[in-house]
Structures are given as C-alpha cells and as structure tokens.
Amino acid sequence: MFCEKAIELIRELHRMSDGQLPAFNEDGLRQVLQEMEALYEQNQSDVNEAKSEGRAELIPSIKLRHCCLLRNQRCVTAYLYDRLLRIRALRWEYGSVLPANVRFHMCAEELQWFSQYKKSLASFMRSLGGDEGLDITQDMKPPKSLYIEVRCLKDHGEFEIDDGTVILLKKNSQVRTGCHSSSSTVLKTCEMFQVVMVTSPLSSALPAAVEM
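Residues numbered from 1 in each chain as written. Predicted model: local features only at pLDDT ≥ 70, side-chain atom pairs only at ≥ 80, totals over all residues. Heavy atoms only, no water.

Rule in force here: UniProt positions are given in the numbering used here, feature names are shortened, and annotations may be inferred rather than shown by experiment.
The chain is annotated in an unreviewed UniProt entry as DNA replication complex GINS protein PSF1 from Haplochromis burtoni. We quote the UniProt Sequence similarities (unreviewed entry) comment for the chain here in full: "Belongs to the GINS1/PSF1 family." According to the UniProt record, the Subunit (unreviewed entry) comment for the chain reads "Component of the GINS complex."

Written out as structure tokens, the structure reads:
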C-alpha cells in the first residue's frame, strides 16, 4: 500500500520516548524515496497519455498518486525535522561532545549539522556577558527560591557590587542575595578568592542583588 513505509518512519519516532534518538533509518528512507520516484514517473506517463489521447479516466489515478507523493513528502520532512530537534536538545543535555552511542545513531549529515549548530551556539554565547561570555546551557532548571544565603569564610572588609551597593563581609556573617541585577558578581568573585560559601541552593547563573 502506498505511504506505508513513510508512516512507519513516523511510528518509529513515536515509539521512542522524549529525548531519545533512534538509529537513522537509512533503508526505510531510501524505500520511501524510491516509491516517490516510481509514483512520479507513473504520473508523468499517465499525464502525457491523458493529454495526447484524451483519456480522462486516468485523472483519478493521477490525483491519487499525487496525494501519495505529497503525503510521503510530509512524512519524510517530519521525520528529518523531528530528528534535528532531538539532536539539538542533545547539545543542551550532553554538551558539545556527544556520547559514542548517541553519535552511532546519527547519519553523516546529522553529525555535520550538529557540529555547525554547536559552533553557532558557542559563538552566540561568547557574544554575551562581556569578554568572558555567558554559558546559557548551564542551570537550565529555575531555582526553587528567589534568594540565596552565603556565609563569609574570613574577614574581607567592604565589598562593592556592580550597582554601587557596599556590603561588609566579616567572618561567619550571613549575606542574603536576591534575584536582581548583580549578585553574581559577589558570588563568583568572592568564591574565587574563597571569601564566601553558598549555604542555600540557587542557580549561580542568575544575577542578584545583595541584602544584609
């Protein structure tokens, strides 16, 4: 029956859970393309015959085959596009280097597309956040709280954050930060010099402002 092989490609994707990438079905895709080629050639022959000999009875068959061509085209496009969406999601899940078992399920063109995508994403992230860039693939889940607390490990004295606010960092004092413009400066800078330690969880990628 027409389009059965194309529909099987779609069923193959539906059988896989979200986030999983099935092996690229090159044989199934080739069979669909061969069917499309046969349908197209038969239609071309019947169209020429209908025009030259005036055989109107061929028109229903021509329309049927044309609808099958369009259906196969939509199924193949959906199959390839859905795989690209899954591959794109894998970059955010695994990073720029995919596990060998995942790469094994990708065809050469998909591997090339993934390489180009990760380069484009890396270039975009380098353009964010000043000279250091910003890794937007980190901390994908939102925080459970809008605030975070940090404890000073040693006396540091006054510390001025980006918005001009000055805080006093004393040993064992607690500092509470909220999700506003610039507390990531406090966290990253102070942790780098081992001045503070985070005592309550929150995504460090979120910018924040400091409260005492």
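Picking up after the structure, the text goes on.
### A few points about the packing of helix H1 (residues 4–15) against helix H3 (residues 59–94)
Selection criterion: Angular values range over 0 to 180 degrees, each being the angle between N-to-C directions of two axes fitted as lines to C-alpha atoms, with helices fitted over their stretch in contact. Each helix corresponds to a stretch of at least 4 residues labelled H or I by DSSP, and each strand to a stretch of at least 2 residues labelled E; elements are numbered beginning at the N terminus. Angular relationships are summarised with four words: roughly parallel below 35 degrees, roughly antiparallel beyond 145, roughly perpendicular across 65 to 115, and oblique for the angles in between. Crossing handedness is defined as follows: a turn of the near helix away from the far one that is anticlockwise and smaller than a right angle gives a left-handed crossing, while the clockwise case is right-handed. Here, two residues are considered to be in contact whenever any of their heavy atoms come within 4.5 Å of each other.
Two elements in contact, H1 and H3, have axes separated by 8 Å at closest approach and are oriented at 25°. The pairing of H1 with H3 is recorded here as roughly parallel in orientation. Helix-helix and strand crossings are classified by hand; for H1 and H3 the assignment is left-handed. Where H1 approaches H3, its residues Ala-6, Ile-7, Leu-9, Ile-10, Glu-12 and Leu-13 are matched on the opposing element by Arg-71, Asn-72, Cys-75, Ala-78, Tyr-79, Asp-82, Arg-83 and Arg-86.

### Quick word on the confidence of the model for the chain
Using the following cut-off: Every residue is assigned a pLDDT by the predictor, reflecting its confidence on a scale from 0 to 100.
When pLDDT is averaged across the chain, the result is 80; 81% of the residues are at 70 or more. Here residues 202–212 is modelled with pLDDT under 50, and outside its nearest four sequence neighbours on either side it reaches 53 contacts, counting other chains as well.

### Quick look at the nonpolar core
Note the threshold: Only buried Ala, Val, Leu, Ile, Met, Phe, Trp, Tyr and Cys residues count toward a nonpolar core, and they belong to the same one when joined by side-chain atoms within 4.5 Å. Exposure categories follow from relative accessible area, calculated using a 1.4 Å probe and restricted to protein chains: below 20% of the type maximum is buried, above 50% is exposed, and the middle band is partly exposed.
Residues Leu-9, Phe-24, Leu-29, Val-32 and Tyr-79 are the most contacted members of the largest nonpolar core, which totals 16 residues. No other element matches the five residues that H3 contributes to this core. When near neighbours in sequence (up to four residues on either side) are disregarded, Phe-24 contacts Leu-29, Tyr-79, Leu-80, Arg-83, His-105, Cys-107 and Glu-110. Counting seven residues, the second largest nonpolar core, distinct from the first, contains Leu-21, Ile-87, Leu-90 and Val-102.

### Let's talk about the packing of H3 against helix H5 (residues 108–126)
Applicable threshold: As a working rule, the residues Ala, Val, Leu, Ile, Met, Phe, Trp, Tyr, Cys and Pro are called nonpolar, Asp, Glu, Lys and Arg charged, and the rest polar, with Gly in that last group.
Orientation of H3 relative to H5, taken along the N-to-C sense of each, is 45°, at an axis distance of 10 Å. As judged from the angle between their axes, H3 and H5 are oblique. Of the two elements, H3 crosses H5, and the hand of that crossing is right-handed. Of the residues in H5, those touching H3 at Arg-83, Leu-84, Ile-87, Arg-88, Arg-91 and Trp-92 are Glu-110, Trp-113, Phe-114, Tyr-117, Lys-118, Leu-121 and Met-125. The residue makeup of the contact of H3 with H5, split by class, is eight nonpolar, no polar and five charged.

### Comments concerning the pattern of salt bridges
Rules: By definition here, a salt bridge exists when the distance from a side-chain nitrogen of Lys or Arg to a carboxyl oxygen of Asp or Glu is within 4 Å.
Here the structure, examined in full by the defined rule, presents nine salt bridges. Put simply, Arg-55 and Glu-57 hold a salt bridge, and the shortest N to O gap is 2.8 Å. Accessibility expressed as a relative area gives 29% for Arg-55, which makes it partly exposed. Counted as one network, the salt bridges with shared partners bring together Glu-8, Arg-11 and Arg-15.

### Focus: the packing of aromatic side chains
Under the convention used in this document: Ring pairs are drawn from Phe, Tyr and Trp, using the six-membered ring of Trp, whenever the two centres fall within 6.5 Å, and their geometry is named by plane angle: stacked under 30 degrees, edge-to-face over 60, tilted for the rest.
Tallying each qualifying case throughout the model produces two aromatic pairs. Note on Phe-24 and Tyr-79: the rings are 6.3 Å apart at their centroids and 45° apart in plane angle, and the pair reads as tilted. Residue Phe-24 is found in the loop between H1 and helix H2 (26–53), and its partner Tyr-79 is found in helix H3; the two are separated by 55 residues along the sequence. Like Phe-24, the residue Tyr-79 is buried in the burial classification.

### Considering the side chain of Arg-86
How we decide: Pairs of N or O atoms within 3.5 Å make up the polar contacts considered here, provided that, within protein, one atom can donate a hydrogen while the other can accept it, and that residues adjacent in sequence are counted only when both atoms are side-chain atoms.
On the secondary structure map, Arg-86 appears in helix H3. A polar atom in the side chain of Arg-86 sits 3.2 Å from the backbone oxygen of Leu-13. Within the structure, Arg-86 has its side chain in polar contact with the backbone oxygen of Gln-20 (distance 2.6 Å). Dropping the residues within four chain positions of it, Arg-86 is found in contact with Leu-13, Met-16, Ser-17, Gln-20, Leu-21 and Pro-22.

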